[in-house]
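Structural features, examined
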Amino acid sequence: MKGKYQERRINREKQWPPCHSDKLVRLELVEREKGEGYSANTQRGGEDEGIKRTPLAYGDLFKVESGKRRVRKVLVEGDAGIGKTTLCIAVSEDWANGKLFQQFELVLLLPLRMKAVASAGSLPELLQLLHPSPRLCDSVARYLEDEEGESVLIIADGWDELGESQRQEGSFLYQFLFGPGFWRMSVVVTSRPSASAPLRELPDIDRFVEVRGFSKEHIVEYIQSEFTSDQGKADRLREQLEGNPLVESVCSVPLNCAIVCHLWRTLEEALPTTMTELYTKIILNLILRNIRKLDTYKSVLKLPKFDSLPADLQQSWWLLCEFAFQALEKDQLVFSQEELEAFFPEGLALDKRILCFGLLQSAESVGIGISFHFLHLTFQEYLAALYLTRQPTDKQLEVFQTHKYKSWFLPDRFIMVWRF
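Residues numbered from 1 in each chain as written. Predicted model: local features only at pLDDT ≥ 70, side-chain atom pairs only at ≥ 80, totals over all residues. Heavy atoms only, no water.

The terminal C-alpha atoms of helix α2 (residues 84–96) lie 19 Å apart, and with 13 residues this matches the ideal 18 Å at 1.5 Å per residue to within 8%. Most of α2 sits out of view: eleven of its 13 residues are buried. Along α2, the residues classified as buried are Lys 84, Leu 87, Cys 88, Ile 89, Ala 90, Val 91, Ser 92, Glu 93, Asp 94, Trp 95 and Ala 96. Immediately downstream of α2, the backbone of Gly 98 shows phi near 75°, a positive value. (Helix = DSSP H or I, 4+ residues; strand = E, 2+ residues; numbered from the N terminus. Expected span 1.5 Å × (residues − 1). Buried < 20%, exposed > 50% of the residue type's maximum accessible area, 1.4 Å probe, protein only.)

Structure below.
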């Protein structure tokens, strides 16, 4: 596993969104007193004076004062794009390179959005996603069971990306992470707060941590590092943000800040004014950049709206939006090649008319084969919202009535859809 984590190298220019500085994401972990609720306004730079918070370096996730109870299970909450997955990758890479967390003999990073991970029904089945040898996986599983998970760290990234049934107490993943069988095992679970409320009530959660976004000072620092070769461009962006509090607040989420910088660099220094406009512009920008890689569409110089897509791409684009919507309805975030081929009409699936938009990424994993997912969950939510805007009013109302109570009172995929 150390070898797997050491092989991972981030290409800042080729990742999405492109990053031109060494400051990929700045994480600020804030430990919250156990038993106190999550307050969403803290993710936008606000403060809730009723909740005691203590700054926490990510290397101290398991550090405790002398005489206090050992920290084994940590719940990490944060908004979409704020850096939860980056934190997970940092922990696994620093362990592999001998920098931090050397008290653990083994660190397993489990992306819960992966269908095969989420649907695993036993420990050997889960381990076979990481190594092809069934005999070795059975042996490791027996060892972990005998040791009750001692000296093992499980990083479960994306609790909110599991289906509702998989978040229930009776599921294998729930029992593996929180059940009594592996009570010596250390666990980090990340989640959007909309899905993690039940976990806050568990007595075995020893530490509650919020990943907070950029302050105004951090935003300025990030912008300066992005435009080191043109400080005038950086200064103009900072001036625009000062006059646009809504977009400035959006920039407190590192992913959104990176998107704004990318748009400022590529779209003639024009700032969006709402979250929906922000994602509309970046998705149009992404589509344009990707379709122009094909000879057929090199003549496409501008893409002001989705209806401006070339005529032969219109069908596949709106089908992709429908696919995003239907997948959200089924709590599905990762798709097999067969599932894509079954949805799209013959001649469209997985050829250039689907993948040319650059919004789907593919990955090949041991025991899983090739799977696909959107660049970010927020993209899938945006496309689902876009699909709904084109439906008749009665269809929109039907979807709203189905999801409104779940969205307001229970974990649900459609919270961001309604915002868009």
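The subject of this paragraph is the nonpolar core. The biggest cluster of nonpolar side chains holds 94 residues, and the ones touching the most others in it are Ile 283, Trp 317, Phe 357 and Leu 383. With eleven residues, the single largest contributor to this core is helix α13 (residues 311–329). Leave out the neighbours within four places in its chain, and Leu 383 touches Ile 283, Trp 317, Leu 320, Cys 321, Ala 324, Leu 359 and Phe 374. By size, the runner-up hydrophobic cluster in this structure holds 37 residues, among which are Leu 106, Val 152, Ala 156 and Leu 202. (Core = buried A, V, L, I, M, F, W, Y, C linked by side-chain atoms within 4.5 Å. Contact = heavy atoms within 4.5 Å.)

Let us look at the pattern of salt bridges. A full pass over the atoms with the stated rule returns twelve salt bridges. Between Glu 150 and Arg 70 there is a salt bridge, and its shortest N-O distance comes to 3.7 Å. Highlighted residues: Glu 150 in the loop between α5 (134–147) and β5 (152–157) and Arg 70 in the loop between β2 (53–56) and β3 (73–77), separated in sequence by 80 residues. With a relative accessible area of 23%, Glu 150 lands in the partly exposed category. Judged by its relative accessible area of 41%, Arg 70 falls in the partly exposed class. (Salt bridge = Lys/Arg side-chain N within 4 Å of Asp/Glu carboxyl O.)

Within the fold, Glu 217 resides in helix α8 (residues 216–226). For Glu 217, a relative accessible area of 57% corresponds to the exposed category. At 3.2 Å, the side chain of Glu 217 forms a polar contact with the side chain of Ser 215. (Polar contact = N/O pair within 3.5 Å; in protein donor to acceptor, adjacent residues only side chain to side chain.)

The next thing to look at is the packing of α13 against helix α16 (residues 377–389). Where α13 meets α16, the closest approach of the two axes is 7 Å, and the angle between their N-to-C directions is 110°. As summarised for this structure, α13 and α16 are arranged roughly perpendicular, according to the angle between their axes. Every residue of α16 that contacts α13 at Trp 317, Trp 318, Leu 320, Cys 321, Glu 322, Ala 324, Phe 325, Ala 327 and Leu 328 is listed here: Leu 377, Gln 380, Glu 381, Leu 383, Ala 384, Leu 386, Tyr 387 and Leu 388. Considering only residue class, the contact of α13 with α16 consists of 14 nonpolar, one polar and two charged. (Axes fitted to C-alpha atoms, helices over the stretch in contact; angles between N-to-C directions. Parallel < 35°, antiparallel > 145°, perpendicular 65-115°, else oblique. Nonpolar A, V, L, I, M, F, W, Y, C, P; charged D, E, K, R; others polar.)

As a further point, take the side chain of Gln 314. By secondary structure assignment, the location of Gln 314 is in helix α13. For Gln 314, the side chain forms a polar contact with the side chain of Trp 318, separated by 3.0 Å. Once residues within four sequence positions are removed from consideration, Gln 314 is found in contact with Phe 306, Asp 307, Ser 308 and Leu 309.

Attention shifts here to the packing of helix α12 (residues 275–291) against α16. Look at α12 against α16: their axes get within 11 Å of each other, and the N-to-C directions meet at 100°. Viewed along their axes, α12 and α16 adopt a mutual orientation that is roughly perpendicular. Note on element contacts: α16 touches α12 through Thr 378, Phe 379, Tyr 382 and Leu 383, opposite Thr 276, Tyr 279, Thr 280, Ile 282, Ile 283 and Leu 286.

With 13 residues, helix α11 (residues 254–266) extends 18 Å from end C-alpha to end C-alpha; this agrees with the ideal 18 Å at 1.5 Å per step. Those residues of α11 not exposed but buried are Pro 254, Leu 255, Asn 256, Cys 257, Ala 258, Ile 259, Val 260, Cys 261, His 262, Leu 263 and Trp 264. Residues of α11 that are buried make contact with α8, α9 (231–242), α10 (245–250) and α12.

A cluster of acidic residues, Glu 105, Glu 145, Asp 146 and Glu 147, forms a negative patch at the surface. Mapped onto the elements, Asp 146 comes out in helix α5. (Patch = residues over 30% accessible without salt bridge, like charges linked within 9 Å, V, L, I, M, F, W, Y side chains within 5 Å. Areas by Shrake-Rupley, 256 points an atom, 1.4 Å probe, with all protein chains shown as cover. Lys, Arg positive; Asp, Glu negative; His and termini not counted. Charge placed at Lys NZ, Arg CZ, Asp CG, Glu CD.)

The next thing to look at is the packing of aromatic side chains. Applying the stated criterion to the full structure yields 27 aromatic pairs. Note on Phe 306 and Trp 317: the rings are 5.0 Å apart at their centroids and 20° apart in plane angle, and the pair reads as stacked. Residue Phe 306 is located in the loop between α12 and α13, and its partner Trp 317 is located in helix α13; the two are separated by eleven residues in the primary sequence. For Phe 306, a relative accessible area of 7% translates into the label buried. Residue classification places Trp 317 among the buried positions, given a relative accessible area of 0%. Here the aromatic rings of Phe 306 and Trp 318 are separated by 6.5 Å at their centres, their planes lie at 75°, and the arrangement is edge-to-face. Remark: Trp 318 occurs in helix α13 and Phe 306 occurs in the loop between α12 and α13; sequence separation between them is twelve residues. Assigned by exposure class, Phe 306 and Trp 318 land together as buried. Cluster of aromatic residues (ring-pair linked, three or more members): Tyr 279, Phe 306, Trp 317, Trp 318, Phe 357, Phe 379, Tyr 382 and Phe 420. (Phe/Tyr/Trp six-rings, centres within 6.5 Å; stacked < 30°, edge-to-face > 60°.)

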